Amino acid sequence: MSSVPTAAPEPLDPSRAGTDEQVAGHPDLPGHEPAAAELARAATRVADDLLAPATPTADDLSSPATRTAAGLPASPPRPADDPSSPPTRIRLGDVVPAPERVTPVPGADFVLAPDAVIRVTADDAARTVAGQLAALLRPATGYALPVTDAAPQEPAGGITLALVDSDDLGPEGYRLDVTADGVRIEATTPAGLFFGAQTVRQLLPAAIESPTPVAERWTLPGGSITDRPRFSYRGAMLDVARHFFGVPDVLRVIDHLARYKLNHLHLHLTDDQGWRIAVDSWPRLAEVGGANEVGAGPGGHYTRDDYRRIVAYAAERHLTVVPEIDLPGHTHAALTAYGELAPDRVAPPPYTGTEVGFSYVDPTSERTYEFVADVLGEIAALTPGPWLHIGGDEAFKVRPDAYAAFVERAQRIVAGTGRTVVGWHQIAPAAHAEGRVLQWWGTKGEDPVTADAVQRGARLVLSPADHAYLDMKYTPETPVGHDWAGMIDVRRAYDWDPGAHVAGVPADAVLGVEAPLWTESITSLVEVEFMLFPRLPAIAELGWSPRATHDWAGFRDRLAGHGPRWATAGIAFHRSPEIPWPTGRPAPAGSQATIPSQPGPEEAPAPAPSA
Ligand code: TNX
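By convention here, each chain's residues receive numbers from 1 onward along its written sequence. Since the coordinates come from a predicted model, pLDDT governs what is reported: local features require at least 70, and pairs of side-chain atoms require 80 or more to be given and counted, while whole-chain, interface and lining totals use all residues. Only hydrogens and water are set aside; all other atoms, that is, all heavy atoms of the structure, feed into the side-chain values.

Peer 1: Would you mind showing me how to read the site of the ligand here?
Peer 2: Neighbouring the ligand are 14 residues; R242, Y469, D471, W484 and E520 lie closest to it. R242 is positioned with one of its side-chain polar atoms (N or O) 2.8 Å from an oxygen atom of the ligand. Any N or O atom pair separated by 3.5 Å or less is treated as a polar contact, with the protein-specific requirement of one donor-capable and one acceptor-capable atom, and with residues adjacent in sequence counted only for side-chain atom pairs. One of the side-chain N or O atoms of E520 is found 2.6 Å from an oxygen atom in the ligand. All accessible areas in this document rest on Shrake-Rupley with a 1.4 Å probe, and a residue is counted as covered only by the protein chains that are shown. For the ligand, the protein covers 100% of the area, taking 360 Å² as the surface of the free molecule. Residues are grouped as follows: nonpolar covers Ala, Val, Leu, Ile, Met, Phe, Trp, Tyr, Cys and Pro; charged covers Asp, Glu, Lys and Arg; every other residue, Gly included, is treated as polar. Residue composition of the shell around the ligand, by class: 7 nonpolar, 2 polar and 5 charged. The cutoff for a nearby residue is simple: one of its non-hydrogen atoms must lie within 4 Å of the molecule or strand.

Structure representation (structure tokens):
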């Protein structure tokens, strides 16, 4: 498959503003690939210096077997065991995303004892959360942490997770109380308990991320937190179409989202370069359309069971999967499988480049609507969540009237599956459909067409490309990524307000935020993590935290403490010089200037000293 010559796309419609700029911003692949490889190699090299034993670049960093197979020592990096070194002081307010209300109580710190127990309300879903918390804490502590049902009279000393009735916490909020006698998380739902458990994890020393036991005093700062999200939709998108990412990679990305209380994973499942989901009624979509990717790699696709596994893993972490079938444009891979959908009825050869806007399914053919109904019907049947994303972006070759008619019909097909339609904001001109959501990726605060769709009832998920597109480079030297929407450093990712970003769109029409990661130039999990961290937590904070907590200086300080966590967990990240990482090792002068010295996953800070 990969030896089939690449089809030259037709030129884009030059009348579309931004088009040329976008194409110009797409990476030149032959030039890009050595940069990505260099990134990965440098990651291994510098990590060897900073963290002994080394931080691997292998996909699974926690299993000794995988580490050994990757040629790495069986144990991951671990903090110094020297009990004489001072503990890193974690403050109750150091949580990312910033909690709604934090009330520290000096002198009320809690120390987790080796015989501590996790108690939980007698409820299966709550027990699952307690089990997840225990599983997070056992590897580093080495403690047994048995989970037991909570009794009415609680003995002191452990961690309690309690489902309670409360009008204040909402469906995702929680209350956390830390006293010298114990830790208590209360919530009205298992999701709230789960988010509370993520907060507990962040309040423990960074060494809690170690996959093997560490000598540490497992202290949590005393006081209470009352917390709930600002927006109900907090997401990230992974483009698995331009480069395919297998199930283990996607599960690891879900773990990353869950840490920061995100609750939606949008999977961009189809595009010109690949169709990534098996569809029984149209089997060649995945078999033929899935067998390529950018750069002519082997591609791949998810079987129905793979997809179910991803959905179930996400659901256990209180994340909803939003599947996207991009229509009517971005469909070249589908056309390679079924030429009958093409305007000229001829199946083209695969496309492995990075242009956009040249392909479309024939909007005038009934066969196209059979295809759309079959595909969306099967995806809906596999997806428990409420959303079906129909794409709708960059269909430059489809005339506006035909485009609007197509979108309106696709919206009706989605409604027929019982799901709510989501589309990129290009679908705004089409008629309103009950509940519809536009994902806005503009770069200007003025968008009268979108504002008009909002007037007609649409809600928005905000992904402004110049703040939230995590495929944009951090700096001109970032070895992977795009630049068509500009550089996005951590501050740029953080400093905007989703509630007041688009003129004429009131805050109550904003469902939330999403950080898309397009993967034309992103080829591996290490590169995915490098682009996500540390910007993903910035977007997560915009989605979760009340606006009153918004403060770049405070965010930067809180985020700094997460570097040692990521390093200990083996997560690659960009050691941005904007963040005061607690390493004692300043970023080398000129480190932004060239690819080899580009701060990258290689420059993971040494884990914080611990007692
Ligand atoms: C625009 S934003 C696209 C994608 C590209 C991305 C690259 C949007 C809905 N479409 O097809 O991958 O730019 O940054």
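Peer 1: Before we go on, may I ask you to explain the confidence of the model for the protein chain in this structure?
Peer 2: Atom-level detail of predicted coordinates should not be read off regions where pLDDT is low. Residue-level confidence of the predictor is what pLDDT reports, using numbers from 0 through 100. Counting all residues, the mean pLDDT for the protein chain is 85, and 80% of those residues have values of 70 or more. Throughout residues 1–87 the model reports pLDDT below 50, and contacts reaching past four residues in sequence, or to other chains, amount to 158 contacts. By definition, residues are in contact when any of their heavy atoms lie within 4.5 Å.

Peer 1: Would you explain the packing of aromatic side chains in this entry?
Peer 2: One pair of aromatic rings is described through two measures. These are the centre distance and the angle between the planes. In summary, the pairing rule links any two rings of Phe, Tyr or Trp, Trp by its six-membered ring, whose centres are within 6.5 Å, and it sorts them by plane angle into stacked for under 30 degrees, edge-to-face for over 60 and tilted for everything else. Taken as a whole, this structure holds 23 aromatic pairs when the rule is applied. Pairing W441 with Y469 gives two aromatic rings, centres 6.2 Å apart and planes at 10 degrees, and the pair type is stacked. Remark: Y469 occurs in the loop between α13 (465–468) and α14 (490–494) and W441 occurs in the loop between β17 (437–440) and α12 (448–455); sequence separation between them is 28 residues. The same class applies to W441 and to Y469, which are both buried. For the ring pair W566 and F573, a centre distance of 5.1 Å and an interplane angle of 70 degrees mean the geometry is edge-to-face. Relative accessible area serves as the criterion here: at 0%, W566 is assigned to the buried category. Among the aromatic residues, ring-to-ring pairing joins Y260, F533, W566, F573 and W581 into one connected group. Charge over a ring is defined by NZ of Lys or CZ of Arg lying within 6 Å of the ring centre and within 35 degrees of the ring normal. Taking the ring centre of F195 as reference, the NZ or CZ of R234 above it sits at 5.5 Å. Helix and strand definitions follow DSSP, with helices as H or I runs of at least four residues and strands as E runs of at least two, each counted in order from the N terminus. With a 1.4 Å probe rolled over the protein chains alone, any residue whose accessible area is under 20% of its type maximum counts as buried; one over 50% counts as exposed, and the rest are partly exposed.

Peer 1: Is there a simple way to explain unusual backbone geometry in this structure?
Peer 2: What is expected of a backbone is that most residues other than glycine have negative phi and most peptide bonds are trans. The linkage connecting V96 with the following residue, P97, adopts the cis geometry, with an omega of -5 degrees. When you line up the elements, P97 lands in the loop between α3 (64–69) and β1 (101–104). A cis amide bond links L327 to the next residue, P328, at an omega of -15 degrees. Summarising the element assignment, P328 is placed in the loop between β14 (320–327) and α9 (332–337). Positive phi, normally seen in glycine, also occurs at R345, with a value near 60 degrees. On the secondary structure map, R345 appears in the loop between α9 and α10 (366–382). Looking at R345, the relative accessible area reads 44%, which means it is partly exposed. Phi angles above zero are rare outside glycine, and E394 is one such case at about 50 degrees. Counting through the fold element by element, E394 comes out in the loop between β15 (387–391) and α11 (400–416). Of the residues examined, E394 reaches a relative accessible area of 9% and is grouped as buried.

Peer 1: Can you help me understand the pairing of strand β7 (residues 182–187) in this one?
Peer 2: Regular strands have side chains that alternate between both faces of the sheet. Strand pairing is assigned whenever DSSP detects at least two bridges linking the two strands. Of the strand pairs in this sheet, strand β5 (residues 159–163) and β7 are connected by 5 bridges, and their pairing is parallel. The residue of β7 that forms the bridge with L163 is A187. As paired elements, strand β6 (residues 174–179) and β7 share 5 bridges and run antiparallel to each other. The partner of V178 across the bridge, within β7, is V183. Taking the residues between adjacent antiparallel strands as the criterion, β6 and β7 are bridged by 2 residues.

Peer 1: Before we go on, may I ask you to explain helix α18 (residues 562–569) in this structure?
Peer 2: Side chains three or four residues apart in an α-helix point the same way, a direct result of the helix having 3.6 residues per turn. A large share of α18 lies buried, amounting to 8 of its 8 residues. Regarding α18, the residues found buried are H562, G563, P564, R565, W566, A567, T568 and A569. Looking at the packing, one finds that the buried side of α18 touches α5 (190–203), α6 (247–259), α16 (535–544) and α17 (552–560). Phi turns positive, to about 75 degrees, at G570, one or two residues after α18.

Peer 1: In this structure, what is going on with the pattern of salt bridges? I would like to understand it.
Peer 2: In a structure, side chains of opposite charge can pair up when their charged atoms sit close to one another. The term salt bridge refers to a side-chain nitrogen of Lys or Arg lying within 4 Å of a carboxyl oxygen of Asp or Glu. All chains considered together, the criterion is met by 30 salt bridges. R201 is the salt-bridge partner of E209, the closest N and O atoms lying 3.4 Å from each other. For the residue pair E209 and R201, the accessibility class agrees, reading buried in each case. Two residues, D362 and R345, come together in a salt bridge whose shortest N-O distance is 3.0 Å. Here the residue D362 occupies a position in the loop between α9 and α10, and R345 occupies one in the loop between α9 and α10, the gap between them amounting to 17 residues. Residue classification places D362 among the buried positions, given a relative accessible area of 7%. Taken together, the shared-partner salt bridges connect D239, R242, D271 and E520 into one network.

Peer 1: Is there a simple way to explain the sheet that holds strand β10 (residues 233–239) in this structure?
Peer 2: Each strand in a sheet pairs with another by means of backbone hydrogen bonds, the pair being arranged parallel or else antiparallel. Spatially, the 8 strands close up into a barrel ordered β10-β11-β14-β15-β16-β17-β18-β19, and their pairing is parallel. Adjacent strand axes in the sheet meet at a mean angle of 30 degrees when their direction is disregarded. In the sheet, β14 pairs with β15 via 2 bridges, with the strands oriented parallel. Paired with E324 across the two strands is H389, which belongs to β15. Here the axes come from fitting lines to C-alpha atoms, over the contacting stretch only for helices, and the angles between their N-to-C directions go from 0 to 180 degrees.

Peer 1: Whenever I open this one, the sheet that holds strand β3 (residues 118–120) confuses me. Can you help?
Peer 2: What the 7 strands build is an open sheet, ordered β1-β9-β6-β7-β5-β3-β4; its pairing is mixed. Since the sheet does not close on itself, it has two edges, and those belong to β1 and β4 (147–149), each with one partner. Going from strand to strand, the sheet's axes swing by 15 degrees on average, the running direction of each strand aside. Relative to strand β9 (residues 223–227), β6 is paired through 5 bridges, and the arrangement is antiparallel. Looking across to β9, one finds that L176 is bridged to I225.

Peer 1: Looking at this structure, I do not really get the environment of V96. What am I missing?
Peer 2: Tracing the chain through its elements places V96 in the loop between α3 and β1. The spacing of V96 and F555 is 459 residues in sequence and 7.9 Å in space, taken between C-alpha atoms. With sequence-adjacent residues up to four places away left out, V96 is seen in contact with Q202, R259, Y260, P537, E541, F555, R558, L559 and H562.

Peer 1: Looking at this structure, I do not really get α6. What am I missing?
Peer 2: Over its 13 residues, α6 runs 19 Å from end to end, which matches the ideal 18 Å to within 8%, given 1.5 Å per residue. Among the 13 residues that make up α6, 11 are buried, leaving the element largely enclosed by the rest of the structure. Of the residues making up α6, those classed as buried are V247, D249, V250, L251, R252, V253, I254, H256, L257, A258 and R259. Immediately beyond the C-terminal end of α6, within one or two residues, lies K261, with a positive phi of roughly 65 degrees. Given a helix with a known number of residues, its expected span is that number minus one, times 1.5 Å.

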